[in-house]
Protein chains: 2
Amino acid sequence: MGGPLKMSGKKSPNGSRSDQEGTAEARRGPMREFSRSLPMSLLRAREAVMRQFRPSLRNHGLTEQQWRILRALTAVDTIEVTELARVAFLLGPSLSRILRDLEARDLIERRAAKADLRRGEVSISSKGLKLIEAVAPTSEAIYAEITHRFGARKLAELQDMLGELERSLAAMEVAGEGEAEADE
Amino acid sequence: MGGPLKMSGKKSPNGSRSDQEGTAEARRGPMREFSRSLPMSLLRAREAVMRQFRPSLRNHGLTEQQWRILRALTAVDTIEVTELARVAFLLGPSLSRILRDLEARDLIERRAAKADLRRGEVSISSKGLKLIEAVAPTSEAIYAEITHRFGARKLAELQDMLGELERSLAAMEVAGEGEAEADE
DNA sequence: CCGGATAACTTAACATGTTAAACAAATTTC
DNA sequence: GAAATTTGTTTAACATGTTAAGTTATCCGG
């Protein structure tokens, strides 16, 4: 498989464009607009940061999300699944799958809560703790390098703004919940 | 669920924690540290923003990434797959899958480049263009509302900082490429 | 008690992220 | 110029994001 493209004999699409047939790079007017949108800016910035951490985590057999979970667990004795989802910023289904995997690898332990059997209480195992301790130095070094390159002052300022952005949108109503958002 | 396990002694990393088994919310000391890391701040901020757009896109049968692709295509006549991956900030494999889907839905068209049969040239179809035009008003209204809530001035400042962060890390060597990152 | 509503997960299903490998066309080397 | 290498794209395989549905345990009104 993997053959060449389908090369069906279609021709010039979008009849609403009255350009010449200049190369795409020749006129990227509105493209810049798109590329500078807030979601794209945030995405690229985050990727630039995570790009630094992923190889190290990978060398220790951890994904970013698995690391987030273990990291969160080091800060508490035990924590309920829902709370863990909140602090590690993961959706329930993702967390459920990852916990299953981490438990199979003996990096975490969990039991049912005595008072409410629906709730699961999770904690890091000693093996998980050792893993964290093995990864932490590199992670902290990378974080320090990032701080140094960007500037500690500016980093704090950036994080303040990000927090403020979050708060600005926290109360914002989400549009288009029903069906069509124009009218219906 | 996981049966009862050994739960060895408290492993609180900062030794000064001698709580009973109070709820996790009761004492979130070091957790805040983790929660305030740069990657988490960026992730939460981006999620807060995208949360506003997703329902509207979903009502039009589009995911965020599909929207990014169509949006990028409206700015050009045709574009090569690699270039499209760059501007829409998607990895090749993701883009490949999504293009297959968008083509099947007749939202885009593609053909092989005359000069280099390896390259695929992609363009938006008139149907795709119509879809964009149907979604755009809502998206722009949401973006305007975000700008209003957060402040246009601050928004521009935030984006400047995000761009600067990107540039700061662009030249940073990625550690731990080989095997262990200590020495190799 | 009991049966319906609610809550806390978990599964399912589909789309994307991520890395490695496969493939075919183009380019370079010998 | 054919073999070896490189380049552009796709496939494969596994992990996560995202929404909906399923499960089991609690709660709650009668």
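Residues numbered from 1 in each chain as written. Chains lettered and ligands numbered in written order. Predicted model: local features only at pLDDT ≥ 70, side-chain atom pairs only at ≥ 80, totals over all residues. Heavy atoms only, no water.

## Observations regarding the environment of L169 of chain B
If you trace the backbone, L169 of chain B turns up in helix α7 (residues 152-170). According to the relative accessible area criterion, L169 of chain B is buried, its value standing at 1%. Not counting the four nearest positions on each side in its chain, L169 of chain B is found in contact with A48, V49, R51, Q52 and I146 of chain A. (Helix = DSSP H or I, 4+ residues; strand = E, 2+ residues; numbered from the N terminus. Buried < 20%, exposed > 50% of the residue type's maximum accessible area, 1.4 Å probe, protein only. Contact = heavy atoms within 4.5 Å.)

## Quick notes on the protein's contact with DNA strand C
Around DNA strand C sit 27 residues, and of these T82 and G120 of chain A together with P93, S94 and R97 of chain B come closest. Here R97 of chain A contributes a side-chain N or O atom positioned 3.4 Å from a base nitrogen of DNA strand C. Contact between DNA strand C and R118 of chain B: a sugar or linking oxygen at 3.5 Å from a side-chain N or O atom of the residue. Contributions of two or more residues to the surface near DNA strand C are made by α2 (38-59), α4 (81-88) and α5 (92-104) of chain A together with α3 (64-74) and α5 (92-104) of chain B. Tallied by class, the residues present in the surface near DNA strand C amount to nine nonpolar, seven polar and eleven charged. (Near = heavy atom within 4 Å. Polar contact = N/O pair within 3.5 Å; in protein donor to acceptor, adjacent residues only side chain to side chain. Nonpolar A, V, L, I, M, F, W, Y, C, P; charged D, E, K, R; others polar.)

## Comments concerning the sheet that holds strand β1 (residues 79-80) of chain B
Residues and elements named next belong to chain B. Read across the open sheet, the three strands follow the order β1-β3-β2; overall the sheet is antiparallel. The two strands at the open ends of the sheet, each matched to only one other strand, are β1 and β2 (108-112). Of the strand pairs in this sheet, β1 and strand β3 (residues 120-124) are connected by two bridges, and their pairing is antiparallel. Bridging across to β3, I79 finds its partner in V122. (Pairing = 2+ DSSP bridges.)

## A closer look at the pattern of salt bridges
Applying the stated criterion to the full structure yields 26 salt bridges over all chains. The salt bridge partner of D116 of chain A is R119 of chain A, with a shortest N-O separation of 3.1 Å. A residue is classified by how much of its surface remains accessible, and R119 of chain A, at 39% relative accessible area, is partly exposed. The shortest N-O distance in the salt bridge between E103 of chain B and R110 of chain B comes to 3.0 Å. Its relative accessible area of 12% is what places E103 of chain B among the buried residues. (Salt bridge = Lys/Arg side-chain N within 4 Å of Asp/Glu carboxyl O.)

## Let's talk about the packing of aromatic side chains
A complete count under the given rule lists zero aromatic pairs over all chains for this structure. If you follow K154 of chain A out to its NZ or CZ, it ends over the ring of F150 of chain A, 5.1 Å from the centre. (Phe/Tyr/Trp six-rings, centres within 6.5 Å; stacked < 30°, edge-to-face > 60°. Lys NZ or Arg CZ within 6 Å of the ring centre and 35° of its normal.)

## Digging into the protein's contact with DNA strand D
Neighbouring DNA strand D are 27 residues; S94 and R97 of chain A together with T82, R110 and R118 of chain B lie closest to it. Within 4 Å of the protein, the atoms of DNA strand D are drawn from sugar and phosphate moieties in a proportion of 69%. Measuring from a sugar or linking oxygen of DNA strand D, one finds a side-chain N or O atom of R118 of chain A at 3.4 Å. At 3.0 Å from a phosphate oxygen of DNA strand D is found a side-chain nitrogen or oxygen belonging to R54 of chain B. Among the elements of the structure, α3 (64-74) and α5 of chain A together with α2 (38-59), α4 (81-88) and α5 of chain B are those that each provide at least two residues to the surface near DNA strand D. Taken together, the residues that form the surface near DNA strand D break down as eight nonpolar, eight polar and eleven charged.

## Comments concerning the packing of α3 of chain A against helix α6 (residues 126-150) of chain A
All names here are of chain A. At their nearest, the axes of α3 and α6 sit 11 Å apart, and the two run at 105° to each other. Looking at the two axes, α3 sits roughly perpendicular to α6. Residues W67, L70, R71 and T74 of α3 touch α6, and the partners they reach there are L129, L131, I132, V135, A136 and S139. In terms of residue class, the contact of α3 with α6 is made up of seven nonpolar, two polar and one charged. (Axes fitted to C-alpha atoms, helices over the stretch in contact; angles between N-to-C directions. Parallel < 35°, antiparallel > 145°, perpendicular 65-115°, else oblique.)

## Side note on the sheet that holds strand β1 (residues 79-80) of chain A
All names here are of chain A. Spatially, the three strands line up as an open sheet ordered β1-β3-β2, and their pairing is antiparallel. The sheet is open, and its two borders are formed by β1 and β2 (108-112), each paired with just one other strand. Where β2 meets strand β3 (residues 120-124), five bridges bridge the pair, whose relative direction is antiparallel. Paired with R111 across the bridge in β3 is E121.

## Considering the side chain of D116 of chain B
Relative to the helices and strands, D116 of chain B is located in the loop between β2 and β3. In this structure the side chain of D116 of chain B is engaged in a polar contact, spanning 2.8 Å, whose partner is the side chain of R118 of chain B.

## Some details on the confidence of the model for chain A
When pLDDT drops low, the exact placement of atoms in the prediction is not to be read closely. Residue and element names in this part refer to chain A. The predicted model of chain A has a mean per-residue pLDDT of 82, with 77% of residues at 70 or higher. Mean pLDDT across the elements of chain A bottoms out in helix α1 (residues 29-35) (66) and peaks in α5 (98). Residue range residues 1-29 is modelled with pLDDT below 50. Its contacts to residues more than four positions away, or to other chains, number 34 contacts. Segment residues 177-184: pLDDT under 50, and nine contacts once partners within four positions in sequence are set aside and those in other chains are kept. (pLDDT = per-residue confidence, 0-100.)

## As for a negative patch on the surface
On the surface, a cluster of negative charge is contributed by E157 and D160 of chain A together with E157 and D160 of chain B. You can see E157 of chain A is positioned in helix α7 (residues 152-170). (Patch = residues over 30% accessible without salt bridge, like charges linked within 9 Å, V, L, I, M, F, W, Y side chains within 5 Å. Areas by Shrake-Rupley, 256 points an atom, 1.4 Å probe, with all protein chains shown as cover. Lys, Arg positive; Asp, Glu negative; His and termini not counted. Charge placed at Lys NZ, Arg CZ, Asp CG, Glu CD.)

## Section: unusual backbone geometry
One non-glycine residue, D106 of chain A, adopts positive backbone phi at about 60°. Position of D106 of chain A among the secondary structure elements: in the loop between α5 and β2. The residue F89 of chain B is not glycine, and still its phi comes out positive at about 55°. Looking at where F89 of chain B falls in the secondary structure, it is placed in the loop between α4 and α5. A relative accessible area of 29% places F89 of chain B in the partly exposed class.

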